[in-house]
Each structure stands twice: as structure tokens, then as C-alpha cells.
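Remarks on the overall topology
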Amino acid sequence: MPVWLLACAWIGVGLGIACALCVAADLLGGNAQHMWIMDVVWPVTALWAGPLGLWAYFRYGRAGSKRAMLDAKHDPPGIQPFPILVAKGATHCGSGCALGDILAELVFLAVPITVFGHRMFGAWIYDFVAAFAIGIAFQYFTIKPMRHESPRAGLKDALKADTLSLTAWQVGMYGWMAITAFVIFGHELSPTSIVFWFMMQIGMLAGFATSYPVNWMLLKRGLKEAM
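Residues numbered from 1 in each chain as written. Predicted model: local features only at pLDDT ≥ 70, side-chain atom pairs only at ≥ 80, totals over all residues. Heavy atoms only, no water.

In terms of helices and strands, the protein chain carries eight helices and zero strands. Each helix (α) and strand (β) of the protein chain, taken in turn from the N terminus, gives the series α-α-α-α-α-α-α-α. When its C-alpha atoms are laid out on the principal axes, the protein chain stretches across 55 × 40 × 30 Å. Among the 227 residues that make up the protein chain, the fraction classed as buried is 48%. Taking the contacts inside the protein chain whose residues are at least 6 apart along the sequence as the reference set, 71% of them involve residues at least 24 apart. Within the structure as shown, the protein chain displays about 10800 Å² of accessible surface, and the carbon and sulfur contribution to it stands at 73%. Positive and negative side-chain charges of the protein chain, numbering 15 and 12 respectively, have mean locations separated by a distance of 7 Å. (Helix = DSSP H or I, 4+ residues; strand = E, 2+ residues; numbered from the N terminus. Buried < 20%, exposed > 50% of the residue type's maximum accessible area, 1.4 Å probe, protein only. Contact = heavy atoms within 4.5 Å. Areas by Shrake-Rupley, 256 points an atom, 1.4 Å probe, with all protein chains shown as cover. Lys, Arg positive; Asp, Glu negative; His and termini not counted. Charge placed at Lys NZ, Arg CZ, Asp CG, Glu CD.)

If you want it as C-alpha cells, here you go:
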């Protein structure tokens, strides 16, 4: 592996961790979000998006804090531009996917499977199952309290709101990881490699791009709540 790529990987992953810790510290320092699930979403977003995620949090995320909602000098998140609401909806979905992907890759190290001769395809099965479960849970804990629904209705609406979104996200992430394995490197990367996790960060950006138009449609149709 080229030294410059290893250096970029360590810097990228290191920045992601540092940015996530910075966001978490700010949330714990008195800027807890009005919707508690966003206290999880923003640090996870910064973990894969790095400085971009950190900027997005301070530019738009803080407006959703309990403190900001009580402060007349701040605009509540509901009047933020629609494209920003879409982006926040995408990161909400993406955080569940990101957590699922991270956990699944760690499980895959202990219990690897091969599909069509490729370990990566086996890992993708783990990834999707974990991402789907966590992503739907994130949406459930957003929609149910906002709509004051029963558990059954909340789960049904969560499935409507996030199934397409998280699938689109995973398609973008899988597509990028396939490019890295079959085009860029010519072989599959191991989760034990720092370059793998750096590629995953880029894959999450690809997932954000592929899920953004889906989230736009879901918000326009009222199937998903604005964050």
C-alpha cells in the first residue's frame, strides 16, 4: 500500500474521530438536541464526514438544540431551507446505516462468510441487515413521538419513511466499495486495514449522494418528518 495513501487514511479517519468527539463535547456541554436521536446522529455524521460534518453541525445542527429552541435569536430548524432539511434527513438515515455498517464489519471479522466467491459480498449482507435494523429504529424513535402514534403505527410509518432512503444509501456505499475492490485496488480490502475505513468514509459520502434525492421525495410527500 502506498505510503501517501496510508497517510491520507490515518489523517481522514483521525479527523473523523476528532470531529465526532468535538460534536459530542458540544452536545454534552449544553447543546443537547430537541430531538434526542439527533444527539446520536450528529457525532456519527461527523465521524464519516469529518470537517464537513463538523461545519454542518455548527452551521445547522445547533439550531435544533433545546437551548436554541428557547432562544428567540435563533431560528428553529423547521424554517431552515428545504435542501438543508433534506440533507439532515439523509444524515439521520445515514447515521443508522453507518453504525450498522461499522458493527457488521466487526461481526464479519469474527464470523466471515463468502458469497459468489467474494468475502465482501458476504459482509454486505451483514451490513444491510444491521443498517436496516438500526436505521428503522432511528426513524421509529423520531416519527412515533412526533406523531404521537402507537408502537405498531410508529413502526409502520418508520418502514415507509426509511426503507427506500437507507436502501439508496447502501447502494451508494456498496457501489463505491465495489469500485475500490475491482477497479482501484484490484482486490478486496480487509476491515483490519486503516485504508478500508478511509474508503468507508468516502463510501458514506457516496451513500449521502444517492440517498439525497430519495429523502427529497419522502419529505415532499410527507412520508418523512423534517429533522
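Among the secondary structure elements, Ala56 is positioned in helix 3 (residues 51-61). The exposure class assigned to Ala56 is buried, which follows from its relative accessible area of 18%. Residues Ala56 and Trp42, spaced 14 residues apart in sequence, show a C-alpha to C-alpha distance of 8.9 Å. The residues contacting Ala56, other than those within four sequence positions of it, are Trp42 and Gly61.

Now for the confidence of the model for the protein chain. Taken over all residues, the pLDDT of the protein chain has a mean of 88, while the share at 70 or more is 96%. Mean pLDDT in the protein chain bottoms out at helix 4 (residues 66-70), which sits at 76, and peaks at helix 1 (residues 3-28), which reaches 96. (pLDDT = per-residue confidence, 0-100.)

With that settled, the discussion passes to the environment of Ile102. Within the element layout of this structure, Ile102 appears in helix 5 (residues 82-110). Expressed as a C-alpha distance, the spacing of Ile102 and Met227, which sit 125 residues apart in the sequence, is 24 Å. Residues within four places of Ile102 in sequence aside, it is in contact with Leu47 and Trp197.

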